[in-house]
Amino acid sequence: MAGPYSIGVDIGGTKIAAGLMDGAGQLQHRSHAATPSGGGAAVLSVAIALIEELRSKVDDGDVVVAIGVGAPGVVDPVTGVVLSATQVLPGWAGTAVRADLESATGLPVAVDNDVRAMAFGEANAGAGKGLSRLLQVSVGTGIGGALTRDGRLERGNHGTTGEIAHLLVPAVGAITCGCGRSDHVEAIASGPAIAASYAARVATSSEGVAGIAAAPSESIALPEVVARAIAGDSDAQFVLQYAATMLGRALAGLVSALDVDAVIVGGGVLGIGAQFSTPLSDAFRAEVLPPLRDVPVLTAQLGVDAPLIGAAMLSIHQGADQ
Ligand SMILES: [Zn+2]
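These figures come from a predicted structure and were not determined experimentally.

## Examining the coordination of the zinc ion
Expected angles at a metal are 109.5 degrees for tetrahedral coordination by four donors and either 90 or 180 degrees for octahedral coordination by six donors. Looking at the zinc ion, one finds its protein donor set to be His-166 (ND1), Cys-177 (SG), Cys-179 (SG) and His-184 (ND1), positioned 2.0 to 2.3 Å from the metal centre. Taken together, the four donor atoms surrounding the zinc ion define angles of 101 to 119° at the centre, an arrangement classified as tetrahedral. Along the chain, the residues donating to the zinc ion are arranged with the sequence spacing H-x10-C-x1-C-x4-H. Overall, Cys-177 belongs to the buried group, its relative accessible area being 4%.

Encoded structure:
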């Protein structure tokens, strides 16, 4: 185990995780705690406690040199302030993550959107290693994305590069998009959207067959939808295939416009496996312009450690970039 060490922090709606990364890019220690309610200050105080816990694990003579944070919402990577955030983390918008953590720890802090942090890790140490232009997509509770070139994040001047959740798709989702609008890919292909589509479809078909409306509030979590699809439930199979197909078509349009070398797809929904990834890449290949038919759709490689490795790597690279 050798330095220089850095710490990656992943702030989520239910959990805050932190990892101590060594100079070889390996996570040596991990720690996590529940996300407190009470807004940005409460969240940061938990993050600071995790950071200090990991700092105490470093051997005498070695030090932690930087901290990287992946945070939900639109983040200004220069100031480290959260510009906007959804209801996933109430009271998060406006939090000065970088300034507050730098003053609490005395270390340089890099902050970016959580999907971008993951994408940075995948581009440099995961599925995208050695490839130049990448479109990365995370499909989970929401849908996020990032664009990297030669291992660096494309950021744009408004902080939204890669925000693919709000692409219009030719379908009506069972839920409203996180942005409050409709017919966006997040409202069709995110985990909650798939689960809601299934519940709505089951309610409609039981109405048709038995003439009795199912309880509209019936809630079936995504893992149960997947289990039913595997067991042969045709409604479950349909909603998974439909969501994956709409996402694949939307990504094809984007890739035709952006001309990337690979698409890397990760996030909780990809954990479904072939029931989701196969129709996604089939739809992508059918829709993308012919010169791009061989652009691979790759699965993210860093798994559950991706947000921590990505955030820690971001902190190391920030010094070189700015
Ligand atoms: Zn939207």
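## Some details on the nonpolar core
If you look at the biggest cluster of nonpolar residues, it comprises 44 residues, and the most contacted ones within it are Val-137, Ile-143, Leu-247, Leu-251, Val-255, Val-263 and Phe-276. At the level of secondary structure, the elements contributing two or more residues to this core comprise strand E8 (133-139), strand E9 (143-149), helix H4 (186-189), helix H5 (191-210), helix H6 (222-230), helix H7 (234-258), strand E11 (262-266) and helix H8 (274-287). Setting aside its immediate chain neighbours within four residues, Phe-276 contacts Ala-189, Ile-194, Leu-240, Ala-243, Ala-244, Leu-247, Val-269 and Leu-270. Formed by 28 residues, the second largest nonpolar core is a distinct cluster that contains Val-46, Leu-54, Leu-107 and Val-109.

## Notes on the pairing of strand E7 (residues 109-113)
Among the five residues that make up E7, five are buried, leaving the element largely enclosed by the rest of the structure. Here five bridges tie strand E4 (residues 64-71) to E7, and the two strands are oriented parallel to one another. Residue pairing for E7: Ala-71 is matched across the bridge by Asn-113.

## What about a nonpolar patch on the surface?
On the surface, Val-63, Val-65 and Ile-316 cluster together into a nonpolar patch covering about 230 Å² of accessible area. Tracing the backbone through its elements, the reader meets Val-63 in the loop between helix H1 (40-55) and E4. Judged by its relative accessible area of 52%, Val-63 is exposed.

## A few points about the pattern of salt bridges
Inspection of every chain in the model, using the stated rule, returns eight salt bridges. Here Asp-305 makes a salt bridge to Arg-30, at a shortest N to O gap of 2.8 Å. Taken together, the residues span a long stretch of sequence, with Asp-305 in the loop between strand E12 (297-299) and helix H9 (306-321) and Arg-30 in strand E3 (residues 27-34) at a distance of 275 residues. A salt bridge links Arg-98 to Glu-102; its shortest N-O distance comes to 3.3 Å. Taken as a pair, Arg-98 and Glu-102 lie in helix H2 (residues 97-105) at a separation of four residues, close to a single helical turn. For Arg-98, a relative accessible area of 17% puts it in the buried group. Look at Glu-102 and you get partly exposed, because its relative accessible area is 27%. Among the charged side chains, a salt-bridge network with shared partners connects Asp-112, Arg-116 and Arg-155.

Analysis parameters
Residues numbered from 1 in each chain as written. Predicted model: local features only at pLDDT ≥ 70, side-chain atom pairs only at ≥ 80, totals over all residues. Heavy atoms only, no water. Donors = N, O, S within 2.8 Å, 3.2 Å for Na, K, Ca; no water. Tetrahedral: all angles 85-135°; square planar, octahedral: opposite > 155°, others 65-115°. Buried < 20%, exposed > 50% of the residue type's maximum accessible area, 1.4 Å probe, protein only. Core = buried A, V, L, I, M, F, W, Y, C linked by side-chain atoms within 4.5 Å. Helix = DSSP H or I, 4+ residues; strand = E, 2+ residues; numbered from the N terminus. Contact = heavy atoms within 4.5 Å. Pairing = 2+ DSSP bridges. Patch = residues over 30% accessible without salt bridge, like charges linked within 9 Å, V, L, I, M, F, W, Y side chains within 5 Å. Areas by Shrake-Rupley, 256 points an atom, 1.4 Å probe, with all protein chains shown as cover. Salt bridge = Lys/Arg side-chain N within 4 Å of Asp/Glu carboxyl O.

Any functional reading would require information that these geometric values do not contain.
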